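Structure at a glance
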Amino acid sequence: MAPVNAVMRIIDVPLRRLQKATGIGGMATFFLAPNMLIFGIFVLLPLVINFVYSMTGGTAFFLSERDFIGGEQYSRLFQCQNYLDPMSCQEDAFWTAVGNTFWFVVLQVSLMILTALITALILNRELAARSFWRAVFFFPVLLSPVVVGLIWKWILQRQGLLNFGLYQFGMDPYTWLTDRNWTFAATIGVSLWAHMGFYALIILAGLQAIPKDLYEAAEMDGTKPARVFWRITLPLLAPNLLVVVVLALIKSVQVFDEIYVLTGGGPGTSTLFLTQYIYETGFASALRNPGLAAAASILMGGVLVVLTLIQLGIGKRGENKGKR
Amino acid sequence: MGEIKLTDVKKSFGALAVLKDIDLHIKDGEFVVFVGPSGCGKSTLLRTIAGLEKVSGGEIAIDGKRVNEVTAADRGLAMVFQSYALYPHMSVRQNLAFGLENSNMPKAEITERINEAARMLEIEAYMDRRPGQLSGGQRQRVAIGRAIVRRPTAFLLDEPLSNLDAELRVSTRAELAALHARLGSTMIYVTHDQVEAMTLAHRIVVMRAGKIEQVGTPLELYNEPANRFVAGFIGAPHMNFLGADVLAVSAGAATLSFSRGYRADLQIGKAKLHVGEKVTVGVRPQHLVVSDDPQHPAVKIYLVEALGSETVVHGDLGGEKVLAVLPGQQKLNAGDTVHFDLSKPVLHVFDDNGLRLFTHPGSGA
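Residues numbered from 1 in each chain as written. Chains lettered and ligands numbered in written order. Predicted model: local features only at pLDDT ≥ 70, side-chain atom pairs only at ≥ 80, totals over all residues. Heavy atoms only, no water.

**Considering the overall build of chain B**
Along chain B, the regular secondary structure elements total eight helices and 21 strands. With the principal axes as the frame, chain B shows a C-alpha extent of 80 × 45 × 35 Å. Within chain B, counting contacts between residues at least 6 apart in sequence, those at least 24 apart form 63% of the total. Total accessible area on chain B stands at roughly 16,200 Å², and carbon and sulfur atoms take up 49% of it. On chain B, the mean spot of the 40 positive side-chain charges and the mean spot of the 41 negative ones are 4 Å from each other. (Helix = DSSP H or I, 4+ residues; strand = E, 2+ residues; numbered from the N terminus. Contact = heavy atoms within 4.5 Å. Areas by Shrake-Rupley, 256 points an atom, 1.4 Å probe, with all protein chains shown as cover. Lys, Arg positive; Asp, Glu negative; His and termini not counted. Charge placed at Lys NZ, Arg CZ, Asp CG, Glu CD.)

**Quick word on the domain arrangement of chain A**
A common way to state how big an interface is: give the accessible area lost once the parts meet. The domain boundaries assigned to chain A delineate domain 1 (2–53) and domain 2 (91–321). The distance between the C-alpha centroids of domain 1 of chain A and domain 2 of chain A comes to 39 Å. (Domains from an automatic or database assignment.)

**Quick word on the sheet that holds strand 1 (residues 4–13) of chain B**
All names here are of chain B. Strand order in the open sheet made by the four strands is 2-1-4-5, with antiparallel pairing throughout. Looking at which strands have only one partner, the edges of the open sheet turn out to be strand 2 (16–26) and strand 5 (65–66). Bridging between strand 1 and strand 4 (residues 57–62) involves five bridges; their strand directions are antiparallel. Of the residues in strand 4, the one forming a bridge with Lys10 is Gly57. Along the sheet, helix 1 (residues 42–50) makes contact with strand 1, strand 2 and strand 4, crossing strand 1 at roughly 115 degrees. (Pairing = 2+ DSSP bridges. Axes fitted to C-alpha atoms, helices over the stretch in contact; angles between N-to-C directions.)

**A word on the interface of chain A and chain B**
Taken together, the contact pairs 19 residues of chain A with 26 residues of chain B. Interface area, chain A with chain B, both sides summed: about 2,000 Å², of which 56% is carbon and sulfur. At the boundary of chain A and chain B, one finds four salt bridges. Salt-bridge contacts for Arg227(A) lead to Glu101(B); the nearest nitrogen and oxygen are separated by 3.0 Å. At the boundary of chain A with chain B, the tally comes to 10 residue pairs in polar contact (both at pLDDT 80 or more). The set of elements that each furnish at least two residues to the side of chain A that touches chain B consists of helix 8 (212–220) and helix 9 (225–253) of chain A. Residues that form the side of chain A that touches chain B fall into these classes: seven nonpolar, three polar and nine charged. (Buried area = accessible area lost by both parts, 1.4 Å probe. Salt bridge = Lys/Arg side-chain N within 4 Å of Asp/Glu carboxyl O. Polar contact = N/O pair within 3.5 Å; in protein donor to acceptor, adjacent residues only side chain to side chain. Nonpolar A, V, L, I, M, F, W, Y, C, P; charged D, E, K, R; others polar.)

**As for the side chain of Ser88(A)**
All names here are of chain A. Looking at where Ser88 falls in the secondary structure, it is placed in the loop between helix 2 (72–77) and helix 3 (92–123). At 2.7 Å, the side chain of Ser88 forms a polar contact with the backbone oxygen of Asp85. In this view, Ser88 contacts Cys80, Gln81 and Asn82; residues no more than four positions away in its chain are not counted.

**So, the nonpolar core**
One finds Ile203(A), Leu6(B), Phe34(B) and Ile49(B) to be the most contacted residues of the largest nonpolar core, which totals 88 residues. The element that contributes the greatest number of residues to this core is helix 3 of chain A, accounting for 12 residues. Not counting residues up to four positions away in its chain, the partners in contact with Phe34(B) are Leu24(B), Ile26(B), Lys42(B), Leu45(B), Leu46(B), Ile49(B), Ile188(B), Tyr189(B), Val190(B), Thr191(B) and Val205(B). Counting residues in hydrophobic clusters, the runner-up holds 47 residues, among them Val92(B), Ile114(B), Ala118(B) and Tyr222(B). (Core = buried A, V, L, I, M, F, W, Y, C linked by side-chain atoms within 4.5 Å. Buried < 20%, exposed > 50% of the residue type's maximum accessible area, 1.4 Å probe, protein only.)

Now the structure itself:
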């Protein structure tokens, strides 16, 4: 312990002096400062800079070379005759991406919750090699999104594994990644495969937190399995499900990397999602427009904040109702 | 009716035998308490009766019908769990109604049963609260209420008082006894607290390591324990055990020699003793009597607990720990030496295997 004590004595002196100078409250600031600094530099500052970008025009990258144009980028995004018909909008790609993202979120999140719940329910049962199965369903979560995209590209492409399999069974191969509907379905399927294990894990933890006694009490009462699920399991799982919905929703709105690798947004713009639109508008297109991209990302952030607040509000209401 | 008969009941988890050849006949309306140390199998036995665990062998019969293959719900029993197992997201009323709704009982009857149970248990005031808004004692009542509304043939209670504070435990114990008298149903009650067992039970089942050690009324177990384990388990504080050698045997009497050569003459009745045999003598702390005669065994006191109505003395008799509960307030201090006359108290004498050989009736104080 002697070396530790020696170090402590050395640290002690300046810290004591500092506390004498700043008081106890000052010490709290001192210890929080490094974290606040990192948060400020890497989260808060970019947010502010991004907002400033959204108020500027031109193709130049450096803020100093850009002209202030106020809310022009925003009004350009909203320049539309009919919001339900992207082609009638000035920024048709933006509204296509909004529409695609909307349907992706609705379908992917509801399917995600359903499959994660069913998977967790199964993994919570007494089954052979349970740990193995739990690991199997979780493994895709550990993969890099690019790897996920590539794996599925190998499977789904024209000369991929799936068509090879179909061919072996005497069926005709199909161009999965060039059919609009199939590709859209594939993006949902692949993102389900890649992330479901994570949400199943959260739900599984919730399932295991429900006391066994409750199920035994229900058993003594002769409660049918369906009624046990709807009246006991589901209500007690609600807090975990809320977490899953919030996380899945945020992640789903932000969908990008694995889909970009898999489809590149195509065929056409059928799998162009918001984040890809922002990326391409700001960085990848020939006529890049960082201001427009910034404005779109601010709008997307706003939608996410609103969605999260709504859900937290619902959760808080449920919590008060079900206070223990 | 609520007669429960266990014949040769066995239960193992894998290679681990938790219950070994349990035979027990519980009569209708009886209050039976399973008692024993942690891990003795008492809760498992209750759960096999409930149908929450399947037996590995033997037969369970309720009112003469074999129920081994009958589901927990169809055995007509109700269980009160140690944790109460109330549904946290439902009100008290919903908790009570939940089980009844399963059987498609008409609403009016459910309401009637709930109201009756609520009146009986005095929980009417908080029928619309959730379990989380209730105190431990109130939750406990709701848990019992949930069992009562089902009108079961027998109640199974798994350490129902263990989560209550000491004071509440005493009052709830009395209420449980009153409830049993009122309902007249069979009750099986599991506890590790021998005071609960003594105060509540018609008959106590003492268990150890998956086996029944003795079944009897509380006083039978107290006065005639079958073996050293039961003798030590029933009664508080625990019985003192002293090693002794049989020095001499004559018709109906024997002389025992304790450590340091102290002797005592005991009436052995018809029991058979051999000279030279090693025995264990059990004496309850309350039965020890202080003697003025310095010839009697000397106990060196190392701790005195004055409780006002009685004085608890911890001492050492030739290397063996001795606890005595003496009446009233005694002028004794740590470091003092007192003498106990070992021929006066009731003495239980156990053989090498811990089985009781005989009980010396003693001559009283």
